[in-house]
Amino acid sequence: MDLLVYGIGELATPIGQEPNRGAGQGELTVVRDAYVLVRDGRIAEVGAGRWPRFAGPTLDAEGRTVTPGLVDPHTHAVFAGNRVQEFLARARGEKYTGGGILTTVQAVREAPEGELVRLARPRLLRMLELGATTVEIKSGYGLTTADELKMLRAIRRLGEELPLTLVPTFLGAHAFPPEVSRENYIRLMVEEMIPVVAGTGLARFCDVFCDQGFYTIEEARTILLAARAAGLGVKIHADELAWVGAAELAGELSATSAEHLLHVSQSGIEAMAHAGTVAVLLPGTAFVLDEPWPPARDLIAAGVPVALGTDFNPGSSPVASLPLILALAVLRMGMSPAEALVAATLNAAAAIGLADRVGSLEPGKQADLVVWDAESYEEIPYWIGQNLAWAVVARGRVGWRSSPTPSST
Ligand code: NIG
Ligand code: FE
């Protein structure tokens, strides 16, 4: 797909195929009066001033701001049912312990694959409208081989059908299925689920919920070593509900990412920095569960690359908006708008192993970009709860356009 986007007032993008970290976390290239030329769905040229003659389709940004398409590196966007009663109970002051996951497991087990696709489609399209062009989605509401594979096949189908780039993660170790013993379930994952998932290519990563009341460090290590041996990348839901040493394990295993980290320790931070593990911070969860904000500044100070995601799921974070996440990061986590934008583009891409393909606007990368109805990228976290996305381009195609405001007569 070819396209020329011109008339860009401000283009803001990180550069490179490696995540930004430390003092460089917020490093952005900002170009005024810019254009982006796309050939075959990839960026051919990013320039300033006079744009080249072009015979193909064009998009006039009319002075607006352009950034890379946002990358959401952590969601549970495929599910059935909802947990509005749990939401209301929490609003009355009840504490989240993760028990509600099994409510969603029940609903997912009852839903055929096509139903999971039908339910997830509009959610993902709303994420696209909010500026996301790449989304990681985890399984983990099936907890049997058949139901986990059903979820992963649903993710594959959604990726084939939608303009978004989807990255599937196997999260069989999300909770414990009620009908088998803990030991037997872990054996099933290691001996059956992981080999099948890796063999069919239905997932790129394996993730484990390593936390209080969920998988222990030893169990997580066993599962993740088996996953790595089978060729899957390694991710950990780490120290979300309490400190258990999961970030330390992420460092030990050189995990691609450790996610949540609301209760991470300094030694966990250091282990991650040493291993180059990306921190995926999910402030929507802290907001919804009334937990401490993820310690972005400590991680950045230690040189850990920080990424941001929604954790979109029906329980702990019914939040599909990355722009809202950027607002929380800027207002509550001490991140600058530049650091937050990098966290939701290049660094998020690195957290899902795609930094060579998405996350920045430069020649060779996939032509994923957002035209924001803003004079500067700094407004993205500023206009809270509004959707400034004006056009979203995915793989060189306009995937979504905001409808024009009706003119008053
Ligand atoms: O990322 N932490 C574990 N899993 C999800 C919660 C999923 C759910 O509540 O359904 C999370 O917060
Ligand atoms: Fe999660």
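Within any chain, residue numbers begin from 1 and follow the written order of that chain's sequence. Chain letters start at A and ligand numbers start at 1, both assigned in the order the entries are written. Per-residue local features of the predicted model are confined to residues with pLDDT of at least 70, and side-chain atom pairs are confined, for both listing and counting, to 80 or more; whole-chain, interface and lining totals are unaffected and use all residues. Calculation of side-chain values draws on the structure's entire complement of heavy atoms; hydrogens and water are dropped beforehand.

1. Comments concerning unusual backbone geometry
Of note, L143 is a non-glycine position whose phi angle comes to about 60°, a positive value. A relative accessible area of 1% places L143 in the buried class. The backbone phi angle of S254 is positive, close to 50°, even though this residue is not glycine. Each helix is a run of DSSP H or I of at least 4 residues and each strand a run of E of at least 2, with the numbering of both proceeding from the N terminus. If you trace the backbone, S254 turns up in the loop between helix 7 (246–252) and strand 11 (257–260). Throughout this description, buried means an accessible area under 20% of the type-specific maximum (1.4 Å probe, protein chains only), exposed means over 50%, and partly exposed covers the range between.

2. Some points on the nonpolar core
Nonpolar side chains in soluble globular proteins generally cluster together in the buried interior. Put simply, a nonpolar core is a bunch of buried Ala, Val, Leu, Ile, Met, Phe, Trp, Tyr and Cys residues held in one set by side-chain atoms that sit within 4.5 Å of each other. Among the nonpolar cores identified, the biggest contains 106 residues, and L124, Y215, L261 and L308 are the most heavily contacted of them. What fixes the domain bounds is an automatic or database domain assignment. Both domains that furnish three or more residues to this core are identified here as domain 1 (3–68 + 359–401) and domain 2 (71–351). Contacts are residue-level and defined by heavy atoms, with any inter-residue pair within 4.5 Å sufficient. Discounting residues that sit within four places of it in the chain, L261 has contacts with A238, D239, A247, M272, A279, L281, P295 and L299.

3. What about the coordination of the iron ion (ligand 2)?
By definition of the ideal shapes, four donors in a tetrahedron about a metal sit 109.5 degrees apart, and six donors in an octahedron sit 90 or 180 degrees apart. Coordination sphere of the iron ion (ligand 2), protein contribution only: H74 (NE2), H76 (NE2), H237 (NE2) and D311 (OD), at 2.1 to 2.4 Å. Atoms are scored as donors when they are N, O or S and lie within 2.8 Å of the metal, with 3.2 Å used for Na, K and Ca; no water is included, so coordination may look incomplete. In terms of primary sequence, the donors binding the iron ion (ligand 2) are separated according to H-x1-H-x160-H-x73-D. Taken together, the residues H74 in the loop between strand 6 (70–72) and helix 1 (84–91) and H237 in strand 10 (residues 233–238) connect sequence positions 163 residues apart. One exposure class covers both H74 and H237, and it is buried.

4. Points about the sheet that holds strand 13 (residues 306–308)
A sheet is described by the order of its strands in space; here eight strands give the open sequence 6-7-8-9-10-11-12-13, paired in parallel fashion. In this open sheet, the two edge strands, each paired with only one partner strand, are strand 6 and strand 13. If you compare each strand with its neighbour and ignore which way they point, the axes differ by 25° on average. An axis is simply a line fitted to the C-alpha atoms; with a helix, the fit covers only the stretch in contact. Between two such axes, the angle follows the N-to-C directions and lies from 0 to 180 degrees. Sitting on the sheet, helix 5 (residues 182–200) touches strand 8 (165–173) and strand 9 (205–210), and the angle it makes with strand 8 is about 155°. We call two strands paired when DSSP finds no fewer than two bridges between them.

5. Considering the packing of aromatic side chains
Aromatic contacts are taken between Phe, Tyr and Trp rings whose centres are within 6.5 Å, Trp giving its six-membered ring; a plane angle under 30 degrees counts as stacked, one over 60 as edge-to-face, and the others as tilted. For the coordinates displayed, the defined rule picks out five aromatic pairs. Summarising the aromatic geometry, the rings of F79 and F312 are spaced 6.1 Å apart at their centres and angled 85° between planes, so their arrangement reads as edge-to-face. One end of the pair, F79, is in the loop between strand 6 and helix 1; the other, F312, is in the loop between strand 13 and helix 11 (322–332), with 233 residues separating them in the sequence. Per residue, the accessibility class of F79 equals that of F312, and both read buried. Ring centres of Y382 and W383 lie 4.4 Å apart, and the angle between their planes is 55°; on these two criteria the pair is classed as tilted. Classification of Y382 as exposed rests on a relative accessible area of 52%. Two conditions define a charge sitting above a ring: the NZ of Lys or the CZ of Arg must be within 6 Å of the ring centre, and it must be within 35 degrees of the ring normal. When the ring centre of W390 is taken as origin, the NZ or CZ atom of R64, which lies over that ring, is 3.8 Å away.

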